[in-house]
Amino acid sequence: MRKRMGLFVSLLVLVAMILAACQPVATTPGAEVPTALPEAGEETPGAVVPPEETPAEVETPEAEVTPEETPVEGVTPEETPAETPEAEMTPEETPAETPEAEETPAETPEAGVTPEATPAEGEAVATLEPPTPEDVLAIVGDEDISGQTVSFLAQWGGSEQESFLAMVAPWEEATGATVEYEGTRDTTAVLTTRIQAGNPPDISGIPGPGQLIEFGRAGNLVDLSTFIDTDEFTQQYGESWVELGSVDGTHYGVFMKVSVKSLVWYRPDVFAERGWTMPTTWDELIALSDEIVAAGETPWCIGLESAATSGWPGTDWIEDIMLRTAAPETYDQWWMHEIPWTDESVRNAWEMFGTIAANEDYVQGGTTGELATNFGESPFPMFQDPPGCYMHRQASFITDFIQQQFPDLQAGTDYTFFVLPPVDEQFGAPILSAGDLLAMFNDTPAARSLMTWLASAEAQQIWANRGGFLAANTEVAPEVYPDPIFQEMAQLLQEAETVRFDASDLMPAAVQEAFLGGILEFVPNPDGLDSILQNIESVAEGAYQEQAAQ
């Protein structure tokens, strides 16, 4: 039945494309770059307008949001490193299909190489028809769950919350059940409190594999293999994502939304105007930064503010640098605490991070502005006239913030990325990744149905088509992404020789908290690195000993 429905949907898309080709194509006027932006720490106006160019025909509830309501990385609790699945993902296992759409470049962009520009003006991007109730029921089954409610806790706010609700809307229409969504920036604290009170949500976002291990071993989670076919799921996601969502061989978690983190964002028009070329090595990146400073301007925008998890963008920098200055095995030894935080390989990554992040001349607003600026707002000065900065290292999800703030910008034309370049040629430019993990705490028919729907390609392509989303399910067709930027990122995940999961999300909660605090202490005071690393090491020794005793 599912295959017949997939064929039916494909035929509808083909017919729509043929009809569209027969009609006059409206051109999109050139992007107008806003000239005024909020200062560091200033609150952005509440009403966020969805980007005009993002195709989405699923009606979503209106919401007044600010960037502060948007998801952030949470704090992961303890885990046993010896039993945690290895973070490396080979190209065969990585959950992303190689784009085959006509507009997609044939080669993956390497460090310092920019993805090809947005399709020619007027060229159509695939627009999805909302799945019908019959489509949904073909996936989740026809059990009567009308009138039932699923409580759902996650970190998404703002446009991400709107996109999630757009995903569940077809399920609600088809089943007659409803989702009660609760968004919070501190998922860890809220979830832990509710579990202790005996009132966990039916389904919740989990900040990372570490917390999944804690809840799984405590008996708080529902085994997904009791209603989701493991073989079919593995075929759709790849073994690595299944392993990261499992605890001691039991499947508890679904990675629904993944991200590529090793990206440096910039404006190609400005680079062309200034005659700048893409750096292909770390030394070239520093040389370009120095050139911009010499011209009396600021090369970087960095924002570390993120409420309870402030500092996490800095942890990403260090993880990326670590992968470029040490072997992947050393990276794994680090997060598993097989080498201390005072190890030279760890220290070196911090010092290189400080070369940029602790340099008052390099960062827009200086280190004070860096600490006060919300991560979601931090790239905005790039689009001022004149630009307040010229480069911004951040994960794939930052495009959602950019498009919400500047809906007239075209991804691939007005802004694009290059991969953070290598430091040591022998280690190349590995890809750092992460993902939003879902787990089920209450085994109800409605919760089973919703979890099955959210794990499907049909559900995930709704958010993918709206933008700001990389699907973990490899059956999501590349052409549903609204721009070549996301098609390129899917290809990066597919073809990268070395991919590692975000290390901080794999560490025990206490260590991660110390890591975040260390970032906030280091940026304004890089001379204090010795004591910072020793403090994290002291916390790690106790956390991993406690973990081993469980």
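Residues numbered from 1 in each chain as written. Predicted model: local features only at pLDDT ≥ 70, side-chain atom pairs only at ≥ 80, totals over all residues. Heavy atoms only, no water.

Caption draft 1: Examining the state of the cysteines more closely. What the rule picks out here adds up to 1 disulfide. Note on cysteine connectivity: Cys301 is disulfide-linked to Cys389, with sulfurs 2.0 Å apart. Given an S-S torsion of about -105°, the disulfide between Cys301 and Cys389 has left-handed geometry. One end of the pair, Cys301, is in the loop between helix 9 (282-294) and helix 10 (312-325); the other, Cys389, is in the loop between helix 13 (366-372) and strand 8 (392-393), and 88 residues separate them in sequence. Under the relative-accessibility criterion, Cys301 is labelled buried at 2%. Residue Cys389 is classed as buried on the basis of its relative accessible area of 1%. (Disulfide = S-S within 2.5 Å. Helix = DSSP H or I, 4+ residues; strand = E, 2+ residues; numbered from the N terminus. Buried < 20%, exposed > 50% of the residue type's maximum accessible area, 1.4 Å probe, protein only.)

Caption draft 2: Structural detail: the sheet that holds strand 9 (residues 416-419). Pairing within the open sheet is antiparallel, and its 3 strands lie in the order 8-7-9. Edge strands, defined here as strands with exactly one partner in the open sheet, are strand 8 and strand 9. By the bridge criterion, 2 bridges tie strand 7 (residues 263-266) to strand 8 in an arrangement that is antiparallel. From the neighbouring strand, Val264 faces strand 8, where its bridge partner is Arg393. (Pairing = 2+ DSSP bridges.)

Caption draft 3: Molecular detail of the packing of helix 2 (residues 133-140) against helix 15 (residues 445-454). Between helix 2 and helix 15, whose axes approach to 9 Å, the crossing angle comes to 105°. Between helix 2 and helix 15, the crossing angle belongs to the class labelled roughly perpendicular. Contacts from Val136, Ile139 and Val140 of helix 2 reach helix 15 at Ser449, Thr452 and Trp453. Looking at the contact of helix 2 with helix 15 residue by residue, the classes come out as 4 nonpolar, 2 polar and no charged. (Axes fitted to C-alpha atoms, helices over the stretch in contact; angles between N-to-C directions. Parallel < 35°, antiparallel > 145°, perpendicular 65-115°, else oblique. Contact = heavy atoms within 4.5 Å. Nonpolar A, V, L, I, M, F, W, Y, C, P; charged D, E, K, R; others polar.)

Caption draft 4: Representation of the packing of helix 12 (residues 344-357) against helix 19 (residues 529-549) within the structure. Direction vectors running N to C along helix 12 and helix 19 enclose 130°, while the axes themselves pass 11 Å from each other. Between helix 12 and helix 19, the angle is such that the two are oblique. Regarding helix 12 and helix 19, the two cross each other, and that crossing is right-handed. In this structure, helix 12 contributes Arg347, Trp350 and Glu351 to the contact, and helix 19 contributes Leu529, Asp530, Ile532, Leu533 and Ile536. When grouped by side-chain class, the residues that make up the contact of helix 12 with helix 19 number 5 nonpolar, no polar and 3 charged. (Left-handed = near helix turned anticlockwise from the far one by under 90°.)

Caption draft 5: Representation of the pattern of salt bridges within the structure. Per the counting criterion, the structure on display carries 12 salt bridges. Here Arg217 ties to Asp248 by a salt bridge, and the two come within 3.1 Å at their closest N and O atoms. Remark: Asp248 occurs in the loop between strand 4 (246-247) and strand 5 (250-251) and Arg217 occurs in helix 5 (residues 209-217); sequence separation between them is 31 residues. Relative accessible area serves as the criterion here: at 33%, Arg217 is assigned to the partly exposed category. As a salt-bridge pair, Asp502 and Lys261 come within 2.7 Å of each other at their nearest N and O atoms. Of this pair, Asp502 sits in the loop between strand 12 (499-501) and helix 18 (509-522) while Lys261 sits in the loop between strand 6 (253-260) and strand 7; the two residues are 241 residues apart in sequence, bridging distant segments of the chain. Take Asp502 and Lys261: they sit in the same class, and that class is buried. Three or more residues are tied together by salt bridges with common partners; here these are Lys261, Asp316 and Asp502. (Salt bridge = Lys/Arg side-chain N within 4 Å of Asp/Glu carboxyl O.)

Caption draft 6: A look at the nonpolar core. Formed by 155 residues in total, the largest nonpolar core has its most connected members in Phe152, Trp334, Trp341 and Trp350. Sequence-distant contacts of Trp334, defined by excluding residues within four places in its chain, comprise Ile318, Glu319, Met322, Ile339, Trp341, Val346, Ala503, Met507 and Phe515. (Core = buried A, V, L, I, M, F, W, Y, C linked by side-chain atoms within 4.5 Å.)

Caption draft 7: Structural detail: the pairing of strand 2 (residues 178-183). Strand direction decides the pairing type here: strand 1 (residues 149-154) and strand 2, joined by 6 bridges, are parallel. For Ser151, the partnering residue across the bridge sits in strand 2 and is Glu180. Handedness of the strand 1-helix 3 (residues 158-175)-strand 2 crossover: right-handed. (Right-handed = clockwise from strand over helix to strand, strands pointing away.)

Caption draft 8: Region of the structure containing the confidence of the model for the protein. Scored by pLDDT, the protein comes out at a mean of 81, with 77% of its residues at no less than 70. Every residue in residues 1-124 scores below 50 in pLDDT, and together they form 304 contacts with partners more than four places removed in sequence or on other chains. (pLDDT = per-residue confidence, 0-100.)

Caption draft 9: Representation of the environment of Ile519 in the model. Topologically, Ile519 is positioned in helix 18. Overall, the relative accessible area of 0% leaves Ile519 in the buried class. Between the C-alpha atom of Ile519 and that of Leu529, which follows or precedes it by 10 residues, the distance is 9.8 Å. Apart from residues no more than four positions distant in its own chain, Ile519 is found in contact with Leu304, Gly311, Gly314, Thr315, Ile318, Trp350 and Phe353.

Caption draft 10: Representation of helix 2 in the model. Taken as a whole, helix 2 has its buried residues at Asp135, Val136, Ile139 and Val140. Along helix 2, the residues classed as buried sweep out an arc of 115° about the axis, all on the same side. Phi turns positive, to about 95°, at Gly141, one or two residues after helix 2. (Arc of directions from axis to C-beta.)

Caption draft 11: Spotlight on the environment of Thr277. For Thr277, the location among the structural elements is in the loop between helix 8 (268-274) and helix 9. Separated by 11 residues in sequence, Thr277 and Leu288 have C-alpha atoms that sit 8.6 Å apart.

Caption draft 12: Fine view of the packing of aromatic side chains. Taken as a whole, this structure holds 34 aromatic pairs when the rule is applied. Ring geometry for Trp350 and Phe522: centres 5.5 Å apart, planes at 90°, overall edge-to-face. With Trp350 in helix 12 and Phe522 in helix 18, this pair connects stretches of sequence that are 172 residues apart. Note on Phe522: relative accessible area 2%, which makes it buried. Note on Phe383 and Phe406: the rings are 5.2 Å apart at their centroids and 55° apart in plane angle, and the pair reads as tilted. Taken together, the residues Phe383 in the loop between helix 13 and strand 8 and Phe406 in the loop between helix 14 (398-405) and strand 9 connect sequence positions 23 residues apart. Accessibility classification places Phe383 together with Phe406 in one group, the buried group. In textbook terms, an aromatic cluster arises when at least three aromatic residues are bridged by ring pairs, as seen for Trp300, Trp317, Tyr331, Trp334, Trp341, Trp350, Phe353, Phe515 and Phe522. Taking the ring centre of Trp317 as reference, the NZ or CZ of Arg393 above it sits at 5.8 Å. (Phe/Tyr/Trp six-rings, centres within 6.5 Å; stacked < 30°, edge-to-face > 60°. Lys NZ or Arg CZ within 6 Å of the ring centre and 35° of its normal.)

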